[in-house]
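# Architecture at a glance
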Amino acid sequence: MRLLAENISVARGGQIFFSGISFSLSSGEALVVSGPNGVGKSTLLRVLAGLLPDAQGAVTLEGGPYESVAEASHYLGHHNGMKPELTVSENLDFWQKFMINEASAQDHRVLGVSDAVAAVGLEGVAHLPFGYLSAGQKRRIAMARLMTAFRPVWILDEPTAALDLASRHMFADLVEDQLEAGGMVIAATHQPLGFEKAQNLVLMPDEDARFSHEDPFADPEAG
Amino acid sequence: MWALFVRDLRLSMRAGGGALIGVLFFLAVVAVIPFGVGPDLKLLSLIGPAILWIGALLAALLGLDRLFQHDREDGSLDIMLMQETPMFLTVLVKCLAHWAGTGLPLIIASPVLGLLMNIKGVAMLAVAATLLVGTPAITFIGAVGAAVSVALPRGGVLVSVLVLPLAVPVLIFGVSAVYGAVEDPAPFTPPFLILCAITLFFSVLGPLAASAALRASAD
């Protein structure tokens, strides 16, 4: 499978955020997007996830049964997508049932709810309401969601914010597993994520003006 | 999809959910009418069905802004938009769960509140029956308003204002069906069937429009 992004441009309120971003990602590859605050990392990820319908450019996934990148992706944004009123296992159980599709039903690596909670090292909290957890625990439960259904592409927006060191290692291992199994991971971050091999995309604001009609330079370099 | 229905229903039952608030509001509206109008039993039983319908309409509007807002705030909506499942189906199920959580309790409460308005047995049945087929339409219409105003921080009032004009036909045919059941020359079946038709019409149009609005509002 191959993910192709061609000439992505985003303009909001008549001002161009970034333009002309192109990259391609094959199975087993990771892309780390970095850059200063406000440069459009989250926006780029939302474009890839198909959540910004008025963005320019094309994002396609070649060689899979999926009709769009969105269908083939897990998206972990700034919010965790969990209800504080429901227990951890109720939340995960819902997402597992809601996100099931053919590929997910056949994939043997999909974990049950209790196994997914165990995989992020939080066995003891499954019966608690999600709202009772700490910020780091919430983030880890949100990561457990990624394992309750199979998606070849993971789109992660600052996944390790609020995580302690041990959890960051745990997260790096999860990503490594996903890549070894032929998945793709796209992550925006300010912290080194500890991926062994990854492409780096550094977004920089224009030198003169933050939002200009000039292209802010995008510099993909192999790392 | 069943999982979504169960989740939303569960949320409306839990603390802070809309189920009980709607019924309490309904009770408050209907309970103060006899104090305002006075103890004229004839008058009360005459205006009773209309008051019940207005109370139920307002109570149904009350929780509508929550329909998508919480899901948007906690990121669930993004994930729902990305699935293979068509969004209008997701919206339809959310509407049905919202109705089961907030509309159904109103219908169950309506005969009890009818006692306060001195409504007779047949009229009470007619009110419950018209509410049963009419309140889903309010939810479906409201879904459009809720989807349009989902990005606004205080969309609640706006939803009511957007939705109320469209919900007026539901009120008109609901009340006229009830009067058709009680008063002799007026017919019951035609307005009742039109009410059913309105609900069916909006059960298609509402989720379609709401899902389009939700897609457009994603940012």
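Within every chain, residues take consecutive numbers counted from 1 along the sequence as written. Written order decides the labels, with chains lettered from A and ligands numbered from 1. Predicted model: local features are reported for residues with pLDDT of at least 70 only, side-chain atom pairs are reported and counted for 80 or more only, and whole-chain, interface and lining totals are derived from all residues. Side-chain measures were taken over the full set of non-hydrogen atoms in the model, leaving aside hydrogen atoms and water.

### Side note on the overall build of chain B
Each helix is a run of DSSP H or I of at least 4 residues and each strand a run of E of at least 2, with the numbering of both proceeding from the N terminus. A count of helical and extended segments in chain B gives nine helices and zero strands. For chain B, the sequential pattern of α-helices and β-strands runs α-α-α-α-α-α-α-α-α. The C-alpha radius of gyration of chain B comes to 18 Å, within 12% of the 17 Å expected for a compact globule of 219 residues. Contacts are assigned to residue pairs with any non-hydrogen atoms lying within 4.5 Å of each other. Long-range pairs, those at least 24 residues apart, make up 79% of the contacts in chain B between residues at least 6 apart in sequence. The Shrake-Rupley method, run with a 1.4 Å probe sphere, supplies the accessible areas, and residue values consider only the shown protein chains as cover. With an accessible surface of roughly 9,500 Å², chain B has 77% of that area assigned to carbon and sulfur atoms. Counted as positive: Lys and Arg. Counted as negative: Asp and Glu, with His and the chain ends omitted from the count. By convention, the point assigned to a charge is CZ for Arg, NZ for Lys, CD for Glu and CG for Asp. In chain B, the 10 positive side-chain charges and the 11 negative ones have mean positions that sit 5 Å from each other. The globule rule is 2.2 Å times the number of residues to the power 0.38, and the radius of gyration it is compared with is taken over C-alpha atoms.

### Some details on the nonpolar core
Nonpolar cores are built from buried Ala, Val, Leu, Ile, Met, Phe, Trp, Tyr and Cys residues. Side-chain atoms within 4.5 Å join them into one set. Burial classes follow relative accessibility: with a 1.4 Å probe on protein chains only, a residue under 20% of its type's maximum area counts as buried, one over 50% as exposed, and anything between as partly exposed. A:L3, A:I141, A:I186, A:F195, B:W53 and B:F68 are the most contacted members of the largest nonpolar core, which totals 139 residues. In terms of residue count, helix α7 (residues 121–148) of chain B provides more of this core than any other element does, 14 residues in total. Domain assignment of the residues forming this core places at least three in each of domain 1 (1–72 + 152–223) and domain 2 (83–151) of chain A. For A:F195, the residues in contact, after removing those within four places along its chain, are A:A30, A:V32, A:F171, A:V175, A:E176, A:V185 and A:A187. Where each domain starts and ends follows an automatic or database-derived domain assignment.

### A few points about the interface of chain A and chain B
How big an interface is tends to be stated in terms of accessible area lost as the parts join. Opposite the 26 residues of chain A that make contact, chain B presents 25 residues. When two parts are put together, the accessible area they lose, computed with a 1.4 Å probe and summed over both, is reported as buried area. When chain A packs against chain B, close to 2,400 Å² is buried across both sides, 62% of that on carbon and sulfur atoms. Between Lys or Arg on one side and Asp or Glu on the other, a salt bridge is scored when a side-chain nitrogen of the former is within 4 Å of a carboxyl oxygen of the latter. In this structure, B:R10 engages A:E90 in a salt bridge whose closest nitrogen and oxygen atoms are separated by 3.5 Å. What qualifies as a polar contact is a pair of N or O atoms within 3.5 Å, subject to a donor-acceptor requirement within protein and to the restriction that residues adjacent in sequence count only when both atoms come from side chains. Counting across the chain A and chain B interface gives nine residue pairs in polar contact (both at pLDDT 80 or more). Elements supplying a minimum of two residues to the side of chain A that touches chain B: β5 (73–76) and α2 (88–98) of chain A. In terms of residue count, the dominant contributor to the side of chain A that touches chain B is α2(A) (five residues).

### What about the side chain of B:D74?
With respect to the helices, strands and loops of the structure, B:D74 is situated in the loop between α4 (66–73) and α5 (76–82). Of note is the side chain of B:D74, whose polar atom sits 2.7 Å from the side chain of B:S76. Non-local contacts of B:D74, meaning those with residues more than four positions away in its chain, are made with A:H79, A:N80, A:G81, A:M82 and A:K83.

### Brief notes about the pairing of strand β3 (residues 30–34) of chain A
Residue and element names in this part refer to chain A. Of all five residues in β3, four are buried, a share of seventy percent or more. Relative to strand β7 (residues 184–188), β3 runs parallel, the two being bridged by four bridges. The residue of β7 that forms the bridge with V32 is A187. Between any two strands, pairing holds if DSSP finds at least two bridges. In the sheet, β3 pairs with strand β8 (residues 199–203) via four bridges, with the strands oriented parallel. Paired with V33 across the bridge in β8 is L201.

### Re the environment of A:F17
Among the structural elements, A:F17 can be located in strand β2 (residues 15–26). Through-space distance from the C-alpha of A:F17 to that of A:G50 is 17 Å; in sequence the pair is 33 residues apart.

### Looking at the domain arrangement of chain A
Residues and elements named next belong to chain A. Each domain of chain A was delimited in the assignment, giving domain 1 (1–72 + 152–223) and domain 2 (83–151). Across the domain 1 to domain 2 interface the summed buried area is about 1,300 Å²; carbon plus sulfur atoms make up 64%. Counting the surface domain 1 buries against domain 2, the share from its top three residues, W154, M170 and L174, is 31%. At the boundary of domain 1 and domain 2, one finds zero salt bridges. Counting across the interface, domain 1 meets domain 2 through seven residue pairs in polar contact (both at pLDDT 80 or more). Those elements that provide at least two residues to the side of domain 1 that touches domain 2 are β6 (153–157) and α6 (165–180). A per-element tally of the side of domain 1 that touches domain 2 places α6 first, with six residues.

### Brief notes about the packing of α7(B) against helix α9 (residues 189–217) of chain B
Residues and elements named next belong to chain B. Two elements in contact, α7 and α9, have axes separated by 8 Å at closest approach and are oriented at 20 degrees. One element, α7, and the other, α9, form an angle in the roughly parallel class. Of the two elements, α7 crosses α9, and the hand of that crossing is left-handed. Here the residues of the contact of α7 with α9 sort into 20 nonpolar, five polar and no charged. Whenever a helix is involved, its axis is fitted only over the stretch in contact; in every case the axis is a line through C-alpha atoms, and angles between N-to-C directions fall within 0 to 180 degrees. Orientation categories follow fixed angle ranges, with anything under 35 degrees roughly parallel, anything over 145 roughly antiparallel, 65 to 115 roughly perpendicular, and all other angles oblique. For any helix crossing, the convention is left-handed if the near helix is rotated counterclockwise from the far helix by under a right angle, and right-handed if that rotation is clockwise. Side-chain classes are defined by residue name, with Ala, Val, Leu, Ile, Met, Phe, Trp, Tyr, Cys and Pro counting as nonpolar, Asp, Glu, Lys and Arg as charged, and the others, Gly among them, as polar.

### A word on the confidence of the model for chain A
Residue-level confidence of the predictor is what pLDDT reports, using numbers from 0 through 100. Taken over all residues, the pLDDT of chain A has a mean of 84, while the share at 70 or more is 92%. Here residues 207–223 of chain A is a poorly scored stretch, pLDDT under 50, and it has 32 contacts once near neighbours within four places are set aside; other chains count.

### Some remarks on the pairing of β6(A)
Residues and elements named next belong to chain A. The element β6 is extensively covered by neighbouring structure, given that five of its five residues are classed as buried. Every second residue of β6 is oriented toward a common face, with V153, I155 and D157 on one face and W154 and L156 on the other, all of them buried. Looking at chain direction, β5 and β6 are connected through four bridges and run parallel. Within β6, the position partnered with L76 by the bridge is L156. The sheet contact formed by β6 and β7 spans five bridges and is parallel. Counted as the bridge partner of I155 is I186 from β7. Here a crossover is taken to be right-handed if, once the strands point away from the viewer, the path from the first strand over the helix to the second is traced clockwise. Tracing the backbone out of β6, into α6 and back to the parallel element β7 gives a crossover that is right-handed.

### Considerations on α6(A)
All names here are of chain A. The terminal C-alpha atoms of α6, which comprises 16 residues, lie 23 Å apart, in line with the 22 Å expected from a rise of 1.5 Å per residue. Inspection of α6 places S167, M170, F171, A172, L174, V175, E176, Q178 and L179 among the buried residues, and these make up the whole buried set. Elements in contact with the buried residues of α6: β3, α4 (113–119), α5 (135–147), β6 and β7. Phi for G182, located one or two positions after α6, is positive at around 90 degrees. For a helix, the expected span equals 1.5 Å multiplied by the number of residues minus one.

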